[in-house]
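Descriptive analysis of the structure
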Amino acid sequence: MQEFKVPASKSISNRLLIIKYLSKSKANINNLSFADDTSLMEKLLLQIEESPDEILFCNNAGTVTRFLISLLSLKKGNWTIDGDKNMRERPIKPLIDVLKELGAKINYIQEKNKLPIKIISKELISGKTINIDSSLSSQFLSS
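Below or above, wherever it landed, is the structure these notes cover. Quick caveat: nothing in here was measured; it's all calculated off a predicted structure. Starting from 1, residues in each chain are numbered consecutively following that chain's sequence as written. The predicted origin of the model limits local features to residues at a pLDDT of at least 70 and limits the giving and counting of side-chain atom pairs to 80 or more, whereas totals for whole chains, interfaces and linings rest on all residues. The basis for the side-chain values is all heavy atoms of the structure; hydrogens and waters are excluded.

Examining helix α2 (residues 36-50)
In this model, α2 (15 residues) spans 21 Å end to end at C-alpha, consistent with the 21 Å of a helix rising 1.5 Å per residue. Here the term buried applies to any residue with accessible area under 20% of the maximum for its type, exposed to any over 50%, and partly exposed to those in between, with areas from a 1.4 Å probe on protein chains only. Going along the chain from the N terminus, every DSSP run of H or I of four or more residues is numbered as a helix, and every run of E of two or more is numbered as a strand. Turning to α2, its buried residues number three or more, namely Asp37, Thr38, Leu40, Met41, Leu44, Leu45, Gln47 and Ile48. Packing partners of the buried residues in α2 comprise α1 (10-23), β3 (55-57), α3 (62-74) and β4 (78-82). A helix is expected to span 1.5 Å for every residue after the first. What makes two residues a contact is simply this: any of their non-hydrogen atoms within 4.5 Å.

This is how it looks when you write it as structure tokens:
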């Protein structure tokens, strides 16, 4: 089994945790960030595995929120993603629009273009060329 050592960056750590989750890898990731966002990502990924119909509260963690929106568009289940007052004001529309273009079923629960959202997973269209505006956040592109 391969072992990876990464800089203790929450951004890199969260990306690696998502890659590990999607690949179903048992690889060890050394030097994960001690940031609250990384701990939250680990906790929510465990929560996703334990129950396919959950409310996931992402606090004010943009990377966590945006990465989980894409992940849960692929993962069987009915999911609600929410965040704190600040996260509810942060942009998610470009990501939601692209995922809907790929066939994702995502509904805004309270206010259009803002958290909380409901994701009802289904198979997404593959092989389709998409364009995403990443000028607001590189997280949209990574997600």
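A word on the layout of surface pockets
Counted as a void, the largest pocket has a volume near 430 Å³. Put simply, the grid is 1 Å and covers the protein atoms alone, a cavity is a trapped set of points that fit a 1.4 Å probe, a pocket is an open set with protein on both sides within 12 Å along at least five of seven lines, and lining residues have an atom within 4 Å of a point. Considering the residues around the largest pocket, the lining is formed by 14 residues, among which Lys20, Tyr21, Leu22, Leu45 and Glu49 are closest to the centre. Elements supplying a minimum of two residues to the lining of the largest pocket: α1, α2 and α3. Throughout, the ten residues Ala, Val, Leu, Ile, Met, Phe, Trp, Tyr, Cys and Pro are labelled nonpolar, Asp, Glu, Lys and Arg are labelled charged, and all others, Gly among them, are labelled polar. In the lining of the largest pocket, the residues fall into 7 nonpolar, 1 polar and 6 charged. Grid points are joined across faces, edges and corners, and a volume is the space filled by probe spheres set on the points.

Section: the packing of α3 against helix α4 (residues 93-101)
Axis definition: a line fitted to C-alpha atoms, limited for helices to the stretch in contact. Angles are taken between N-to-C directions and run from 0 to 180 degrees. As a packed pair, α3 and α4 sit with axes 10 Å apart at the nearest point and diverge in direction by 10 degrees. Between α3 and α4, the angle falls in the class roughly parallel. Across from Arg66, Ile69, Ser70 and Ser73 in α3, the residues of α4 making contact are Leu95, Ile96 and Leu99. Per-class residue counts for the contact of α3 with α4 are 4 nonpolar, 2 polar and 1 charged. Small angles under 35 degrees read as roughly parallel and large ones over 145 as roughly antiparallel, with 65 to 115 read as roughly perpendicular and the rest as oblique.

Considering the packing of α1 against α2
Working note: a packed helix pair is described by the angle between its axes plus the distance between those axes. In contact at an axis separation of 9 Å, α1 and α2 are set at 15 degrees when each is read in the N-to-C sense. As the angle between them shows, α1 and α2 are arranged roughly parallel. The interaxial crossing formed by α1 with α2 has right-handed handedness. For the pair α1 and α2, the contacting residues are Lys10, Ser13, Asn14, Leu17, Ile18 and Tyr21 in the first and Asp37, Thr38, Met41, Glu42, Leu45, Ile48 and Glu49 in the second. Of the residues belonging to the contact of α1 with α2, the class tally is 6 nonpolar, 3 polar and 4 charged. Here a crossing is called left-handed whenever its near helix is offset anticlockwise from the far helix by less than a right angle, and right-handed whenever the offset is clockwise.

Here's the deal with the pattern of salt bridges
Only one rule defines a salt bridge in this text: a Lys or Arg side-chain nitrogen within 4 Å of an Asp or Glu carboxyl oxygen. Using the criterion set out here, one finds 6 salt bridges in the structure. Several salt bridges converge on common partners, so that one network encompasses Glu89, Glu111 and Lys114.

None of the figures reported here should be taken as evidence of function without further support.
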